[in-house]
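What follows is each chain in one-letter form.
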Amino acid sequence: MTDHALRLLRQDRRLAALAAFPFDFDLDRAAHGHVEEVRLASGGPLETVAGDDTGGTYFVCGDGSVLYADSEGAAGIIGSSVDEALELVIGLPGWRGCTRLSPDDGEERILAYVAETEDEIREYCGIDEERAELRAALGFPERSPVELVGRLRAALLRTEPDFVLLDADEGCAYDRLGPDGPPLWEPVLAAGRADLARLREGDRTAWREVAEDPVRRRITLRAAQFDRAEGDLELLRHLLRHETRSSMTDELRLAAVLVGLHGDTGDLPLLHEVRETDFDTACGLGGMPEPGASADELRQWARELDESMFGTDPSDEPVSTWTDLARDQGMTDLARVTLIRELDDIVMDQSRLRRPDAPHTLATAPLSGLARDFEELGDLPQALRAQRLYAALQETAWDRASARHTLARLEREAGRLPQAVDSLAAVRDALATPGDDLLRHWRRVNLGCFIAEEHYRLTLALADAGRPEEARALLTAADAVLGELSDNAANGVRELAERTAARVREADRGRARRAAGPPGSRGCGTAPFV
């Protein structure tokens, strides 16, 4: 597909006017932009090409796909090119009402809906002659509404993960326009299911390759979790032996559980050998029946762990299970989009963080986990969103100081230096007026070192950014924090402190030289005439 039709519209005002009315694809509205600044979560380019009278906008993405965003916060791909999108807009003038239709709804229902929608439009304006004229001029064939609905649905399902639209200021994602795609676990488990099938077929090459590859092994074990078969015991033993190389992972515990559920007491020596791999594994597989236990005892141990930690429904798994496995397989954008929507849900409804056993208390760990996940994905703006909310919700002095310190580091790394300065000021406020006694030992522990280090690192960043006055002010604050630390705590920071002070002095000298002008200069005055 090409943008042939778009060029014709731009060249012919009559055709452009027909596209704008009655088909609501108005090229002139492109100059006004969207109702707010937006960007793609993937970082890809966006070009505004048209708008409609509801405040919606048509964008062209880097690969030529057309993304439509309405003014209410929903967006979706509607065509693989401008030509394809125009075919849709002209062929289905009420296309926005068709986004929930599917070819599975059947021809009769689709045709009835389209006919009803077009009859309503005809009450206000003509569409038939206009559609025929536009189709002929643009070289579009006449397609049935059923085919167009099928094309629309296929396009909308391509929106995630590559074309998710974000509010550029807040960073929150637009809702999906049209149908939901498959749950994350489906694409994540696809390769594991294929490998599991090969293992069950006795493919010895697969037995070696899957066992030797940590990622394939983990995903295959997850596939076996949700597709359990009596004949799997030997392959589960094989995967369990190899998973010990990764020490204590959730998948190692899962493999032990799946083996134990078969109730073969001959597996107890293997299970105990696995448990003794290292200290972490011994803790993670605690409570295991000793050698000589009955098959029922083995099954009971495995069943209790299975019910508390695993189960057979992939939708019951924490989303972090699937985002971690997606990231491990290189599905970075898929993981990022899922995490963004998780964060959006929390931002919109903080009651999701309430503890079931203490509804007046918030469990904020999911926010700090999201911040770490985004940072590992290299998405600092989203990491900042999560960490900012996490910091705002902390109640104890220790947690406030620690969370603000991390926020300052992320802001510095993102180049948001003034915000980082403010965050460190909030850290110092927490140290000065804690409101509880949880920070009474901060001068002798790692937190004090970390806070001092961040003060100096931010001071360096300010000096390097040509902000000597702010750097000098923060250096004073950094030295004050360092002076509070115990000798042992301060020793690890002194070298950074000296290097920072030297850098600030260098920046001051450079500023002084620039103010004085070139060597031999008399300043701004004029030399007397002799």
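Every value quoted in this text rests on a predicted model; they were computed, and no experiment measured them.

Scoring rules and cut-offs
- Residues numbered from 1 in each chain as written.
- Predicted model: local features only at pLDDT ≥ 70, side-chain atom pairs only at ≥ 80, totals over all residues.
- Heavy atoms only, no water.
- Helix = DSSP H or I, 4+ residues; strand = E, 2+ residues; numbered from the N terminus.
- Polar contact = N/O pair within 3.5 Å; in protein donor to acceptor, adjacent residues only side chain to side chain.
- Contact = heavy atoms within 4.5 Å.
- Buried < 20%, exposed > 50% of the residue type's maximum accessible area, 1.4 Å probe, protein only.
- Arc of directions from axis to C-beta.
- Pairing = 2+ DSSP bridges.
- Axes fitted to C-alpha atoms, helices over the stretch in contact; angles between N-to-C directions.
- pLDDT = per-residue confidence, 0-100.
- Salt bridge = Lys/Arg side-chain N within 4 Å of Asp/Glu carboxyl O.

K.L.:
Go over the environment of glutamate 243, please, and point to the residues and values.
P.N.:
Considering the arrangement of structural elements, one finds glutamate 243 in helix α10 (residues 233-243). Each C-alpha atom of the pair glutamate 243 and serine 486 lies 44 Å from the other, and the pair is 243 residues apart in sequence. Among the polar contacts listed, one links the side chain of glutamate 243 to the side chain of arginine 217, at a separation of 2.5 Å. A polar atom in the side chain of glutamate 243 sits 2.8 Å from the side chain of threonine 249.

K.L.:
Talk me through the side chain of aspartate 167; I want residue IDs and the actual numbers.
P.N.:
Position of aspartate 167 relative to the elements: it lies in strand β6 (residues 165-167). Only 2.8 Å separates the side chain of aspartate 167 from the backbone nitrogen of aspartate 169, close enough to count as a polar contact. Sequence-distant contacts of aspartate 167, that is, excluding residues within four places in its chain, are made with Glu36, Glu37, Cys172 and Tyr174.

K.L.:
Go over helix α1 (residues 4-11) with me, naming the residues and quoting the values.
P.N.:
Burial in α1 covers these residues: Ala5, Leu6 and Leu9. Relative to the axis of α1, the buried residues are bounded by an arc of 100 degrees and lie together on one face. Of the surrounding secondary structure, the elements contacted by the buried residues of α1 are α2 (13-20), β2 (46-51), α3 (82-91) and α5 (128-138).

K.L.:
Tell me about the pairing of strand β3 (residues 57-61), residues and numbers included.
P.N.:
Of all the five residues making up β3, five are buried; the element is thus mostly covered by neighbouring parts of the structure. Here β3 shows two buried faces, one formed by Thr57, Phe59 and Cys61 and the other by Tyr58 and Val60. Connecting the antiparallel pair β2 and β3 is a turn made up of five residues, with glycine 55 showing a positive phi of about 95 degrees. Pairing of β3 with strand β4 (residues 66-69), which is carried by four bridges, proceeds in the antiparallel orientation. Its bridge partner lying in β4, threonine 57 is registered against alanine 69. Taken together, β3 and the strand that follows it, β4, pair antiparallel across an intervening segment of four residues, in which glycine 64 is found at a positive phi of about 95 degrees.

K.L.:
Please set out the sheet that holds β2 residue by residue, giving values where relevant.
P.N.:
A sheet is described by the order of its strands in space; here five strands give the open sequence β2-β3-β4-β5-β7, paired in mixed fashion. Of all strands in the sheet, those bounded by a partner on one side alone are β2 and β7 (175-176). With four bridges connecting them, β4 and strand β5 (residues 74-79) associate as antiparallel partners. Bridging across to β5, tyrosine 68 finds its partner in glycine 76. Against the sheet, helix α6 (residues 145-156) makes contact with β5 and β7, and its axis sits at roughly 125 degrees relative to β5, the strand it touches most.

K.L.:
Which residues make up the confidence of the model for the protein chain, and what values do they have?
P.N.:
The share of residues in the protein chain with pLDDT of 70 or more is 97%, and the mean pLDDT across the chain is 94. The low-confidence segment residues 522-530 (pLDDT under 50) makes zero contacts with residues lying over four places distant or belonging to another chain.

K.L.:
Go over helix α11 (residues 250-260), please, and point to the residues and values.
P.N.:
Counting buried positions along α11 gives ten out of eleven residues, so the element sits mostly inside the fold. Among the residues making up α11, those that are buried are Glu251, Leu252, Arg253, Leu254, Ala255, Ala256, Val257, Leu258, Val259 and Gly260. Lining the buried residues of α11 we find α9 (214-226), α10, α12 (268-275), α13 (279-284) and α14 (295-309).

K.L.:
Account for the pattern of salt bridges, naming residues and giving values.
P.N.:
Where charged atoms from two side chains of opposite charge come close, those side chains can pair. Counting across every chain of the model gives 53 salt bridges. Linking arginine 122 and aspartate 128 is a salt bridge whose minimum nitrogen-to-oxygen distance equals 2.9 Å. By relative accessible area, aspartate 128 is classed as partly exposed at 40%. One salt bridge in this structure joins aspartate 306 and arginine 228, with 2.8 Å as the shortest N-O distance. With aspartate 306 in helix α14 and arginine 228 in the loop between α9 and α10, this pair connects stretches of sequence that are 78 residues apart. Three or more residues are tied together by salt bridges with common partners; here these are Glu118, Asp119, Arg122, Asp128 and Arg131.

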